[in-house]
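# Reading the structure
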Amino acid sequence: MALETLSPDWEFDRLDDGSQTDGECFIHFLLLLRGIRSPDLANACALSRLQLQLELNGTNAINFIELSVKLYKCYQFSEIHAEVQLKNYGKFLEEYTSQLKRIEDALDDSVGDVWDFSLDPIALKLLPYEQSSLLELIKTENKAETKFYNGLLFYGEGGTTQALESVDKCFSFKPQIPAWWREIVKYRWEDLFLSCSSILWLITFTVGGSICLYSFCFLVFQELSCFVTRCYEVVVNVVHQLAVLYTSNKNAPKIIETSGVHFQAMYEHLGELLTILITLDEIIDNHATLKDHWTMYKRLLKSVHHNPSKFGIPEDKLKPFEKLLLKLECQLLDGMIFQACIEQQFDSLNGGVSVSKNSTFAEEFAHTLRAAFSNVEVKLGEPSEIDQRDKYVGICGLFVLHFQIFRTVDKKLYKSLLDVCKKVPAITLTANIIWFADNFLIQKIPAAAKLLDKKSIHTGFLYAYSLSTIIKTTMNLYMSMQKPMTKTSVKALCRLVELLKAIEHMFYRRSMVVADSVTHITQHLQYQALHSISVAKKRVISDKKYSEQRLDVLSALVLAENTLNGPSTRQRRLIVSLALSVGTQMKTFKDEELVPLQLVLKKLDLISELTERVRAQCNCCFLYWHRAVFPIYLDDVYENAVDSARLHYMFSALRDCVPAMMHARHLESYEVLLECYDKEIMEVLNEHLLDKLCKEIEKDLRLSVHTHLKLDDRNPFRVGMKDLAHFFFLNPIRFFNRFIDIKAYVTHYLDKTFYNLTTVALHDWATYSEMRNLATQRYGLSMTEAHLPSQTLEQGLDVLEIMRNIHVFVSRYLYNLNNQIFIERTSNNKHLNTINIRHIANSIRTHGTGIMNTTVNFTYQFLRKKFYIFSQFMYDEHIKSRLIKDIRFFREVKDQNDHKYPFERADKFNRGIRKLGITPDGQSYLDQFRQLISQIGNSLLIPCRQLDSVLSDLTRNFAEGTEYFKMLVDVFAPEFRSPKNMHLRNFYIIVPPLTLNFVEHSISCKEKLNKKNKSGAAFTDDGFAMGVAYILKLLDQYQEFDSLHWFQSVREKYVKEIRAVAKQQNVQSTNQDEKLLQTMNLTHKRLEVCLQEFELLYFSLSSARIFFRADKTAAEESQEKKEKEEESGKASNGDLSNSTPVEPVVK
């Protein structure tokens, strides 16, 4: 078929390949005419020939059949073509949908139907848009009625220049509008409100400025003056239009029949315009600073007027400018904007339009007011209230306008208007501007003031304090009454603000669902309205008594019906409202039909602008004037961290202030005002939430890490507990052009604090590391490692400084033999200094290897002084006599004690020596002797470490390092072994009580490590073992000391006692004496600790003896020395190149 060449992708389900006969085509055509599509083509075609023979005869029939066949084939072609297009379109939609799905998955896996209010880059604006012009929408066959609707719509909806011209042509009674107005005002009613809102914010932000700001903002007042003047003309023209429609002059020509016609929409929009004028009066009246600065500005102009040349201003321009200022002051600043509007001359002077004497119009005006008020009164103060308060303000303005024009008062309506004040005593017009209806009515209609119940005014003010559910009214009432709000009221109002924004966020999050639902609801409501109008239209058509009035009604119904067949835009709904105002007369609708229709149209108005109404009702821009509640709100959020998620709603409310602030013109740029607002809010947030949160988290981490200090009571049942972790689960809060991430803020604060404090005190690195881990575990914070060293980076103490003050060093530092490191005994700082091989190596790199001679010399001088004290102690009569007795005693009992020195004898010596006296700090002579030996051992270890470092750098054998100790032994050994120092030969017998004293001291020092006062705490002192080993070597008393078998005696003693205690524990466990059992447990533990300390001392002493070759006696060493000298002599004769050993430099 030729059609296949059009598109290779087309697929035809059915093709006319010539297999169908003309009869079959004709049958199909007949079936189509009857509205039947036979699914079984064969059954229908089987009857074709029979029907042709019986029913068709003649040329006309044959022509009809041929025509039918051609028509069916055309239909068949079009049907096939449509199916192909639909099929291709379906494929396109499927491919496009899959492509969008792939893009969506690539962008974010979490994208769903729920939208995020603060993160989404785009939003769905659900508002019908009208593309047709008003003239197209209201076009009917009745041209006069079309012109009539055009005239009303100009003021009901707004028009362009063409609409203005059409109104001029349609109504000869309408006053001519000056041409310059056509360029200034081309507003819809909505645009009028937007412009008024801008002016409100302009004035509000302008007040408080200086004189120079008035010059800068003078354009604002000019625009406001033009706006107000335009409003005056609109009010007069609308009143004239309505007065002509509802005329009491029977001789005057009628455009349409208005009996039973009520243009409620026109009065509603007129009331909205009067509300704007009332709001302007209230704004200016509430800002005394505005008038004060205006007076100052006028005084400045008078000064300029006296000397215009000084200011470079032509004198001929000052007078017109002063007149303009006077005009603006009279029009705007005297609080007479609304009053001047209603006091205009509504009766035409040339006799064109009579308003004040038009009784028909007066009655229609009053009837419309009563009807509008009855609709509003029912909803005021009820949960279903939407915008009734705004309408109530307009009704009050219309009521005053009615009184001003016709000078009559509907006492019943007047009293009803005042009775509303008992339920709603005050209404917020905008921002912080509050309006009292009773004061307004009394002021504008003083003649009826006697109808007012004075008591009800006072009661109304008292009721105002209980209206905590009405946010703006309550806040502004407190401000108006100049009374402070309680914290409870502030918290309740802030909760209501959160609820408002929660509603708005809910609608936004479900935008797709709302958009889909609104479309279906709108169509359903339009269907209901069309059905009601259709029934009424049939009723009008069925009545054969036609008249002009009936024709107007029918045209109005047709217009309403045509307008409803389209998008539910604001223009269409306004046209429907005006059309039904005409179409409901002559009882075209029954009472049971009219009320449901009006309800449907109200629902249609609401649902069509749902998102806009929600946004308007949830707008919290008034918070700009009530920023004082924000600190109290943040304090409440901090105290109730469980509800921290509500912060998003409050910041969303604070963002509502931004669009209005962008209209400020008293500054060079509105961005300055926004920056100040942003800075103020962030400062309050930091002070009342973020900083408090950071400090509380830091405090909690510190107390948790230092629980062993027991600084305060942290029992949650007594002091309570706040789970601040809820703040860290919040999504970032959007505000201005930033996102406030509380978790990141606190994390940064802790990272910064921990890093800075660690740099100040590196010894606390472990504490802050533990706090980081705890912050991650408890609060889920992603902390950053400080990457700081866990100790100081200095080279440590210089060896030369140590040797120059060696007497201080050996008394303040303790040596650990296992780690080969010196540790400071105590310090005023929070850290202890250490000296190890690396520090010695640093000193050698600094001073060179020549430092060795200096070290040996300083050590030798120090040892000489200490050995002198050592000799004096050993020569003391009390000590020497006691030691001689102990030696004699051991010789007598050694065979009985298995050659073991008794533990009790050593303990008796240790305790008995305290009887000789103690120092002021509680130390005995044996304690001081122990310290002396430890200092001797420490002094030996200093050059030992230095020599090891040098040998390590020179990659020499460590065994050569032991020769250093041999040198120190050779220097002092002859003097120690001299006969004149025989009193020193008693040293080996004092070692057992000395070790016992050392163990008691070591246990006491280690126990102090776990106490709060760590004065005197230590965990090592291996200098004592080194000192004992060195002195025993100098005296050549290793064999004498070993003969005591002292450490074996100690072990047997403690093992025996431990077993005895264990046996008693087993006995007492059956008696169940808990106190005695606890005492035995402590005794058992004490014995094990003592035994462990003695074993550690034994190991340290054995290690120290290795340095001095304790396996050989002095005689054996001297014999070995002679053999080496002989060998070296023989070698020197053979090879003179060998060098002799270097002797130590001793002074």
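Residues numbered from 1 in each chain as written. Predicted model: local features only at pLDDT ≥ 70, side-chain atom pairs only at ≥ 80, totals over all residues. Heavy atoms only, no water.

Tallying secondary structure elements over the protein chain gives 49 helices and 7 strands in all. In the protein chain, 76% of the contacts between residues at least 6 apart in sequence involve partners at least 24 apart. Counting only carbon and sulfur atoms, one obtains 54% of the accessible surface of the protein chain, whose full area is about 62100 Å². (Helix = DSSP H or I, 4+ residues; strand = E, 2+ residues; numbered from the N terminus. Contact = heavy atoms within 4.5 Å. Areas by Shrake-Rupley, 256 points an atom, 1.4 Å probe, with all protein chains shown as cover.)

Side-chain alternation along strand β6 (residues 821–824) places I821 and I823 on one buried face and F822 and E824 on a second face that is also buried. Sheet analysis places strand β5 (residues 813–816) next to β6, joined by 4 bridges and oriented antiparallel. Bridging from a neighbouring strand, Y813 pairs with E824 of β6. As consecutive antiparallel partners, β5 and β6 are separated by 4 residues, and within that stretch Q820 has a phi angle of approximately 55°, a positive value. The pairing of β6 with strand β7 (residues 834–835) spans 2 bridges and is classified as antiparallel. Across the sheet, the residue bridging to I823 is T834, located in β7. (Buried < 20%, exposed > 50% of the residue type's maximum accessible area, 1.4 Å probe, protein only. Pairing = 2+ DSSP bridges.)

Consider a sheet: its strands pair through backbone hydrogen bonds, and that pairing is either parallel or antiparallel. With antiparallel pairing, 3 strands are arranged side by side in an open sheet as β5-β6-β7. The open sheet terminates on both sides in strands that have one partner only, identified here as β5 and β7.

Here the structure, examined in full by the defined rule, presents 33 salt bridges. It is possible to trace a salt-bridge network through shared partners that takes in K491, R495, E498, D636, D643 and R646. (Salt bridge = Lys/Arg side-chain N within 4 Å of Asp/Glu carboxyl O.)

Turning our attention to the confidence of the model for the protein chain. Here the protein chain averages 76 in pLDDT, while 76% of its residues score no lower than 70. Here residues 156–212 scores under 50 on pLDDT; set against residues more than four positions off or in separate chains, the count is 114 contacts. Under a pLDDT of 50 for its full length, residues 1135–1147 has, in the predicted model, 12 contacts with residues more than four places off or in other chains. (pLDDT = per-residue confidence, 0-100.)

Turning our attention to the environment of S133. Within the fold, S133 resides in the loop between α4 (58–107) and α5 (134–137). Classification of S133 as partly exposed rests on a relative accessible area of 36%.

Let us look at helix α40 (residues 877–893). Along its 17 residues, α40 runs 24 Å from first to last C-alpha, staying within 8% of the 24 Å computed at 1.5 Å per residue. Restricting attention to buried positions, one finds in α40 the residues I879, K880, R882, L883, D886, I887, F890 and V893. Those residues of α40 that are buried are in contact with α39 (851–875), α41 (903–912), α44 (987–1007) and α46 (1038–1043). Of the residues flanking the start of α40, the one acting as N-cap is D876, its side-chain oxygen 3.0 Å from the backbone nitrogen of H878. (Expected span 1.5 Å × (residues − 1). Polar contact = N/O pair within 3.5 Å; in protein donor to acceptor, adjacent residues only side chain to side chain.)

For the structure shown, the criterion picks out 43 aromatic pairs. Seen in terms of ring centroids, F651 and F735 are 5.4 Å apart; in terms of plane orientation they differ by 80°. Their pairing is edge-to-face. Of the two residues, F651 is situated in helix α30 (residues 647–655) and F735 in strand β3 (residues 733–735); the sequence distance between them amounts to 84 residues. The pair formed by F651 and F735 is uniform in burial state, with each residue classed as buried. Cluster of aromatic residues (ring-pair linked, three or more members): Y860, F867, F870, F873, F929, F972, F976, F987 and Y1030. Over the face of the ring belonging to Y875 we find K880, whose NZ or CZ atom lies 4.4 Å from the ring centre. (Phe/Tyr/Trp six-rings, centres within 6.5 Å; stacked < 30°, edge-to-face > 60°. Lys NZ or Arg CZ within 6 Å of the ring centre and 35° of its normal.)

Among the surface-exposed residues, K885, R888, R891, K908 and K915 lie close enough to one another that they form a single positively charged patch. By residue number, the principal contributor to the positive patch is α40, which donates 3 residues. Examined against the element boundaries, K885 turns out to sit in helix α40. Accessibility expressed as a relative area gives 47% for K885, which makes it partly exposed. (Patch = residues over 30% accessible without salt bridge, like charges linked within 9 Å, V, L, I, M, F, W, Y side chains within 5 Å. Lys, Arg positive; Asp, Glu negative; His and termini not counted. Charge placed at Lys NZ, Arg CZ, Asp CG, Glu CD.)

Once that is clear, we can look at the environment of R655. With respect to the helices and strands, the residue R655 is situated in helix α30. A sequence separation of 79 residues divides R655 from R734, and the C-alpha atoms of the two residues are 8.9 Å apart. With sequence-adjacent residues up to four places away left out, R655 is seen in contact with F117, R734, F735 and F736. Within polar-contact distance, the side chain of R655 engages the backbone oxygen of R734 at 2.5 Å.

All right, on to the state of the cysteines then. For the structure shown, the criterion picks out 0 disulfides. Summary of cysteine pairing: C621 is not part of a disulfide, and the nearest cysteine sulfur, belonging to C657, is at 6.4 Å. (Disulfide = S-S within 2.5 Å.)

Core analysis: the largest hydrophobic core is formed by 115 residues, its most contacted members being F361, Y392 and W435. At 16 residues, the largest contribution of residues to this core is made by helix α11 (residues 218–245). Of the residues that make up this core, three or more belong to each of domain 2 (206–454) and domain 3 (509–618). Apart from residues no more than four positions distant in its own chain, F361 is found in contact with V239, L242, A243, Y246, Y267, V355 and F406. With 84 residues, the next largest nonpolar core counts Y901, F903, F929 and L994 among its residues. (Core = buried A, V, L, I, M, F, W, Y, C linked by side-chain atoms within 4.5 Å. Domains from an automatic or database assignment.)

Residues apart from glycine generally show negative phi values, whereas peptide bonds are mostly found in trans. Of note in this structure, Q820 is not a glycine but carries a positive phi near 55°. Residue classification places Q820 among the partly exposed residues on the basis of a relative accessible area of 35%. The phi torsion at H1045 lies on the positive side, around 45°, for a residue other than glycine. Relative to the assigned elements, H1045 resides in the loop between α46 and α47 (1046–1071). Overall, the relative accessible area of 30% leaves H1045 in the partly exposed class.

Attention now moves to helix α28 (residues 610–617). Residues of α28 that are buried include every one of L610, T611 and V614, and no others. Buried positions in α28, seen along its axis, are confined to an arc of 95° and lie on one side of it. Summarising the contacts, the buried residues of α28 are in contact with α23 (487–509), α24 (511–542) and α27 (591–608). (Arc of directions from axis to C-beta.)

A few words on the packing of α39 against helix α45 (residues 1023–1035). Running from amino to carboxyl end, α39 crosses α45 at an angle of 80°, the nearest separation of the two axes being 14 Å. The orientation of α39 with respect to α45, classified from their angle, is roughly perpendicular. Judged by residue contacts, L863, F867 and F870 of α39 engage Y1030, I1031 and L1034 from α45. Across the contact of α39 with α45, the residue classes tally to 6 nonpolar, no polar and no charged. (Axes fitted to C-alpha atoms, helices over the stretch in contact; angles between N-to-C directions. Parallel < 35°, antiparallel > 145°, perpendicular 65-115°, else oblique. Nonpolar A, V, L, I, M, F, W, Y, C, P; charged D, E, K, R; others polar.)

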